[in-house]
Amino acid sequence: MSAMPGVVAINTFREAVRDRVLYNLVFFALLMIGAAILVGQISIGIERLVIVNLGLSAISIFGLVMAIFIGVGLVYKEIEKRTLYSLLAKPIRRWEFLVGKYAGLVLTLLINTCFMTIGLAVALLYVDRSFARPDASILIAVYFILLALALVTAIALFFSCFSSPMLSTLFTLGIYVTGVFASDIRNFGALTKNPLLKTATTVIYYLVPNFHNFNSIAAAAHSQSIPFALVWQNTLYALMYVVLLLLASSAVFSQRNLK
Amino acid sequence: MSSHPPAIDIQGLTKDYPVGFWPKRMRRSLDNLSLQVQEGEIFGFLGPNGAGKTTTLKLLMGLIFPTAGTASILGRPIDDVAMHRDIGYLPEQPYFYDYLTARELLDYYARFSSYTAADRRTRVTRVLERVGLSGSLDVQLRKFSKGMLQRAGIAQAIIHEPRVIFLDEPMSGLDPIGRREVRDIILDLKMQGRTVFFSTHILSDAEMLCDRVAVLHLGKLRGVGAPSTIVSMDEHGMEILFEPSQGRSLSPALAQRATPVGGRYRLDVPEADLYSVLDELRLCDVRILSVAPLRPTLEDYFMRLVERRPEQPSAALETSTR
């Protein structure tokens with residue numbers, strides 16, 4: 001196994017840290033502290049529900065913003081600033097560079113999410129004074145958020161290989177939103193009498209990753225258990241899309257002239 | 001004949017770029033370039049801006065792909081990534097990760113050569129000292145001047161002791177001291193038996209350093225050879241310095257051809273015409289002060305080449321290499 005992607009990944013993570021990307025954790029911590037104090041005063045009996053909903057949504061949104069905005073610049077920035085030129089003169093293949101950049105951002109998101117989860121746990125502890133067994137579903141919900149973020153990063157990286165950051169942001173965001181509403185789009189297609197529209201919505205449903213599958217925030221907030229089979233299904237589903245997207249990115253980037 | 005393959009072997013390398021949005025046209029940046037560089041040579045790649053020098057280097061580094069032609073480095077095709085262990089590259093106007101310090105940057109690049117941590121530390125310190133950055137080991141690159149970045153770029157190109165080093169405008173952005181230091185580094189590399197291929201438009205540097213040079217203009221190779229050979233292959237000439245006799249003025253025909261230098265005149269003539277011109281001058285009753293061969297510089301050669309119309313062949317065109 002080549003060690004080259006690992007070298008690139010560590011540098012990508014270091015770049016995120018030095019660019020003060022993880023400063024968002026401070027905002028998250030303040031949000032959680034503020035919410036815990038406020039919710040404790042205005043809600044009776046549903047403090048946990050509100051805190052979990054707010055915390056998981058914030059983890060998801062903060063992560064999504066990072067995955068898209070850093071992801072779309074992963075390759076583009078290296079080409080624009082010409083840092084890639086001296087790098088590709090080293091014994092590293094283009095696909096190894098891509099996998100390294102991808103792994104570096106996923107590592108950043110993982111650490112970011114871990115710290116946010118700790119923040120959420122502290123806020124919950126402040127409200128509930130103790131943890132209960134159903135709180136384990138929060139960890140599964142966080143894991144699903146991470147899977148979704150890994151998938152979004154792969155989509156952003158793919159567009160970053162051939163498009164400008166602005167267009168890549170639009171495309172990635174477009175696919176994400178379509179993916180969140182994939183089931184609704186298909187249902188809409190099933191209701192219509194237009195066969196063309198029905199076919200189009202079915203194609204979109206199967207082509208675009210279904211991000212709704214990764215949303216377990218409501219279940220975690222209501223202390224509902226999440227089936228273990230879903231964990232495997234979602235893991236394999238995300239993995240399959242990530243591998244396909246990395247292969248596609250590699251195919252595009254390997255042919256690209258770096259002007 | 002040497003059994004070793006050439007350090008660099010370029011055969012018919014051509015690159016077209018699409019230009020315009022609609023309709024797209026193809027513009028030829030490099031046209032059928034063929035040349036060979038032997039191991040241990042310092043090879044200068046000369047040409048004005050837009051000649052195709054950077055395009056050639058990018059093609060050799062695999063950053064862009066050729067429209068036609070092939071190239072190999074140390075006998076291995078340019079798409080062989082393993083070959084990159086034996087080459088170093090300084091891009092034109094290099095820019096590096098500015099959040100890293102010089103030490104971290106060099107350590108990062110050294111990791112691609114699979115050295116141990118201890119070996120990397122030693123190499124990084126040594127090479128940064130070699131390029132004159134030992135006082136800035138732990139300074140972030142965002143605080144570096146253009147000249148310091150250039151030095152860091154040279155350091156990353158040589159940290160793994162490559163056999164062939166490609167430098168794109170290595171003197172660019174450097175002050176005279178920096179230029180001299182880079183020249184010393186290049187000569188050091190040659191002493192160590194390494195091959196250096198560098199592009200430049202600073203002709204005095206090329207003349208001083210290179211075993212051979214190639215001149216590129218409008219994407220086409222115009223000449224290859226040793227700097228002394230390449231200039232002497234162009235027009236040979238003689239310089240006649242003379243002054244009019246007391247109280248006499250020059251004939252209008254002569255005054256038109258000669259260049260006034262103080263109270264004297266200079267006349268550059270082709271070597272073949274020397275005696276007929278001297279006879280002519282004697283008839284005009286001028287005092288001949290000196291007759292000396294013209295010593296054209298690489299710059300003279302270069303300027304004549306660039307001013308020549310593209311379709312005109314170069315007098316020094318010698319595409320066959322050693």
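Residues numbered from 1 in each chain as written. Chains lettered and ligands numbered in written order. Predicted model: local features only at pLDDT ≥ 70, side-chain atom pairs only at ≥ 80, totals over all residues.

Contact residues are listed per partner, giving 23 residues for chain B and 19 residues for chain A. Among the elements that line the side of chain B that touches chain A, the one with the most residues is helix α2 (residues 102-111) of chain B, at three residues. By residue class, the composition of the side of chain B that touches chain A is 17 nonpolar, four polar and two charged. (Contact = placed C-beta atoms within 7 Å. Helix = DSSP H or I, 4+ residues; strand = E, 2+ residues; numbered from the N terminus. Nonpolar A, V, L, I, M, F, W, Y, C, P; charged D, E, K, R; others polar.)

Before going further, it helps to spend a moment on the sheet that holds strand β9 (residues 212-217) of chain B. All names here are of chain B. The strand order across the open sheet built from six strands is β6-β7-β8-β3-β9-β10, with neighbouring strands paired in mixed fashion. Unpaired on one side and paired on the other, β6 (87-90) and β10 (220-225) mark the two borders of the sheet. Within the sheet, the average angular offset between the axes of one strand and its neighbour, ignoring direction, is 15°. Against the sheet, helix α1 (residues 53-61) contacts β3 (42-46), β6, β7 (164-168), β8 (195-200) and β9, and its axis sits at roughly 145° relative to β7. Sheet strands in contact with helix α4 (residues 146-158) are β6 and β7, and its direction is about 165° off that of β6. (Pairing = 2+ DSSP bridges. Axes fitted to C-alpha atoms, helices over the stretch in contact; angles between N-to-C directions.)

Residues and elements named next belong to chain B. When the pLDDT values of chain B are averaged, the result is 86; 91% of them are 70 or greater. Here residues 313-322 scores under 50 on pLDDT; set against residues more than four positions off or in separate chains, the count is 25 contacts. Note on the complex model: pTM 0.84, ipTM 0.86. (pLDDT = per-residue confidence, 0-100.)

Residue and element names in this part refer to chain A. Closest axis-to-axis distance for the helix α3 (residues 47-71)/helix α6 (residues 94-128) pair is 10 Å, and the angle between their directions is 165°. Considering the angle they form, α3 stands roughly antiparallel to α6. When the axes of α3 and α6 are compared, the crossing they make is right-handed. In this structure, α3 contributes Glu47, Arg48, Ile51, Gly55, Ile59, Phe62, Gly63, Met66, Ala67, Ile70 and Gly71 to the contact, and α6 contributes Leu105, Leu109, Asn112, Thr113, Met116, Thr117, Leu120, Ala123, Leu124, Val127 and Asp128. Each residue belonging to the contact of α3 with α6 can be placed in one class, and the counts come to 13 nonpolar, six polar and three charged. (Parallel < 35°, antiparallel > 145°, perpendicular 65-115°, else oblique. Left-handed = near helix turned anticlockwise from the far one by under 90°.)

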